[in-house]
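# Breakdown of the fold
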Amino acid sequence: MNQWLDERLHLSRLNDKFLRKAFPVHHSFFLGEITLFSLVILILTGILLALSYEPSNTPVINSFDPGTSDKPNLVPAAYHSALKINAMPFGDMLRRIHHWCANIMVAAAVIHMMRIYFTGAFKKPREINWWIGLLLLIFSALTAVTGYILPYDNYAYQTLGVVYAITKSVPWVGDWLAQAAFAGAFPGEQVIPRIYGYHIMLLPMILVATTGAHMLLMIKQKHTQPQYAKRVAYKKIVGVPLSTQQTPIMLLLALLFAGLVILFSAFIPVHPVEYFGPPSATPIANIKPDWYLLWVFGALAIIPGFSFTLLGGTITAEFVGAMVFPAIPIGLLFLVPLLDRSKDNMYYAENPTNHPVRLAAGVAFLVFMLVLSLAGYKPELIASGTLTTGNANAVLWIMTFLLPALSYFLTMAIVRGIRTLREADERERLAHGGHGGATPGHSHD
């Protein structure tokens, strides 16, 4: 049987080329796998949820609170189907697993990209995979946004109104772009079917395609090796093979991960559609996006209001705060591989403290994003008395640029201290008759 299949499918070549690929043995390399496991669980739970979801905002009678024959209680079909899913056996549990896996996928992808950045794994020849990884992160966030619009409760309705207004704020083409993206003026009759199409077809197809490209490039280019591999076998692939050792490890991790997510979901509820109720004109106080988009919300919150006309188009604070300003840090992330001056191929993960400028810049960037996320809580900071209406914007803007600068110089100082200690240890070791080992290099990439 094996020979028959091999003659037709060339399974031995597949085994030699892919299934014997060596995976580095290091815990940080499982961050990518966790992202992949999250995507798989999201697809599986999404299929099950789609079987009971009705992608329509056509009014239907609320079977849980039908009202009277004279005045029936009409709600959008999408909202009603969300209520029915919650009432199904394990329906609410499916929603919870789906929700938390979406958050975990974005979080794991963010930490995975941080590992790649701080260890220099984005360098030649892996620049393309860095860019693909960033696209995966961006489209993961967009997929999640479309997902929490689908229940079409008042929270989703208000959120969709904000997203529509931001899209409409694009100068010159805003009206056309918003209506093209959301199937007409908001709130149109086709807006939920359009968002549903994005969430279950377009965006998942992009995620699966980019994930496949990411993995194929990784197999082609090999992982960056941990530092211990340099001592074991210089410029050789050190690790465990995929087919006999890495696969059982991955399966065990996948089962453990799924179990933890289910346990987590059993005790921590998610977005309560019943609490917010069906769509209405009543605004929700201090509405906020999920944590991974809170920094964009913070930028929008502290941009002072303005509007001016340029060549027939209107430039507004909403457009600058929600699109132009966030495009700057995202653009810098795409530029990271191009700023590297290395000419040789990258084989081994680098010690971040041997590259202080890159390390300090990364820490400053993270602080920048955290401060912008804090700015998303401006109303709460004012309500608590921490800030006032008069000084909130000024204080948050100062913090947005001052704290990253301070964190940059503090990181540089800490790295210099670490190097001083290393050099002192090396001198002491040599003074006591030690052999080998050069003083760590002073790279400044």
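Residues numbered from 1 in each chain as written. Predicted model: local features only at pLDDT ≥ 70, side-chain atom pairs only at ≥ 80, totals over all residues. Heavy atoms only, no water.

## A look at the environment of Ile303
Looking at where Ile303 falls in the secondary structure, it is placed in the loop between helix H13 (294–302) and strand E5 (307–310). Relative accessible area serves as the criterion here: at 14%, Ile303 is assigned to the buried category. Each C-alpha atom, one on Ile303 and one on Gly321, is 5.9 Å from the other, the two residues being 18 residues apart in sequence. If we skip the residues at most four places from it in the chain, Ile303 touches Ala317, Val320, Gly321 and Trp397. (Helix = DSSP H or I, 4+ residues; strand = E, 2+ residues; numbered from the N terminus. Buried < 20%, exposed > 50% of the residue type's maximum accessible area, 1.4 Å probe, protein only. Contact = heavy atoms within 4.5 Å.)

## Let's talk about the packing of aromatic side chains
A full pass over the atoms with the stated rule returns 20 aromatic pairs. Centroid distance Tyr275 to Phe276: 5.2 Å. Interplanar angle 80°. Geometry classified as edge-to-face. For the pair Tyr408 and Phe409, a centre-to-centre distance of 5.3 Å together with 90° between the ring planes defines the contact as edge-to-face. According to the relative accessible area criterion, Tyr408 is partly exposed, its value standing at 24%. (Phe/Tyr/Trp six-rings, centres within 6.5 Å; stacked < 30°, edge-to-face > 60°.)

## Description of the nonpolar core
Within the largest apolar cluster, 28 residues are counted, with the highest numbers of intra-cluster contacts made by Tyr53, Tyr152, Leu160, Phe182, Val191 and Ile195. Listing elements by their share of this core, those giving two or more residues are helix H4 (77–87), helix H5 (91–118), helix H6 (127–147), helix H7 (154–168), helix H8 (174–181) and helix H9 (191–221). Leave out the neighbours within four places in its chain, and Phe182 touches Leu160, Val163, Tyr164, Thr167, Val191, Arg194 and Ile195. Formed by 16 residues, the second largest nonpolar core is a distinct cluster that contains Phe37, Leu42, Ala102 and Met105. (Core = buried A, V, L, I, M, F, W, Y, C linked by side-chain atoms within 4.5 Å.)

## Side note on the pairing of strand E6 (residues 313–316)
Relative to E6, E5 runs antiparallel, the two being bridged by four bridges. Paired with Phe308 across the two strands is Ile315, which belongs to E6. As consecutive antiparallel partners, E5 and E6 are separated by two residues, and within that stretch Leu311 has a phi angle of approximately 55°, a positive value. (Pairing = 2+ DSSP bridges.)

## Overview of the packing of H5 against helix H11 (residues 242–267)
Between H5 and H11, the least distance of the axes is 9 Å, while the angle of their chain directions is 120°. Looking at the two axes, H5 sits oblique to H11. Every pair of crossing elements has a handedness; the one defined by H5 and H11 is right-handed. Across the interface between the two elements, Met93, Arg96, Ile97, Trp100, Cys101 and Ile104 of H5 pack against Phe257, Val261, Ile262, Phe264, Ser265, Ala266 and Phe267 of H11. (Axes fitted to C-alpha atoms, helices over the stretch in contact; angles between N-to-C directions. Parallel < 35°, antiparallel > 145°, perpendicular 65-115°, else oblique. Left-handed = near helix turned anticlockwise from the far one by under 90°.)

## Thoughts on H7
The first and last C-alpha atoms of H7 sit 21 Å apart over 15 residues, in line with the 21 Å expected at 1.5 Å per residue. Restricting attention to buried positions, one finds in H7 the residues Asn154, Tyr155, Ala156, Tyr157, Gln158, Thr159, Leu160, Tyr164, Ile166 and Thr167. Looking at the buried positions of H7, the neighbouring elements they touch are H8, H9, helix H12 (273–276), H13 and helix H14 (317–339). (Expected span 1.5 Å × (residues − 1).)

## Considering the environment of Asn354
For Asn354, the location among the structural elements is in the loop between H14 and helix H15 (356–375). As for Asn354 and Val415, which are separated by 61 residues in sequence, their C-alpha atoms are 8.2 Å apart. Among the polar contacts made by the side chain of Asn354, one reaches the side chain of Arg422 at a distance of 2.9 Å. (Polar contact = N/O pair within 3.5 Å; in protein donor to acceptor, adjacent residues only side chain to side chain.)

## Structural notes on the confidence of the model for the protein
Confidence along the protein averages 91 in pLDDT terms, with 96% of residues attaining 70 or more. Confidence drops under a pLDDT of 50 for residues 436–444, and excluding neighbours within four residues, the segment shows 22 contacts in the predicted structure. (pLDDT = per-residue confidence, 0-100.)

## Some remarks on the pattern of salt bridges
Enumeration over the complete set of coordinates arrives at seven salt bridges. Notably, a salt bridge pairs Arg96 with Asp92, separated by 3.0 Å at the nearest N-O pair. Remark: Asp92 and Arg96 occur in helix H5; sequence separation between them is four residues, near one turn of the helix. With relative accessibility at 24%, the residue Asp92 sits in the partly exposed group. The residue Glu350 makes a salt bridge to Lys123 at a minimum N-O spacing of 2.9 Å. Taken together, the positions of Glu350 in the loop between H14 and H15 and Lys123 in the loop between H5 and H6 put the pair 227 residues apart, joining distant regions of the chain. Taken together, the shared-partner salt bridges connect Lys123, Asp340, Glu350 and Arg358 into one network. (Salt bridge = Lys/Arg side-chain N within 4 Å of Asp/Glu carboxyl O.)

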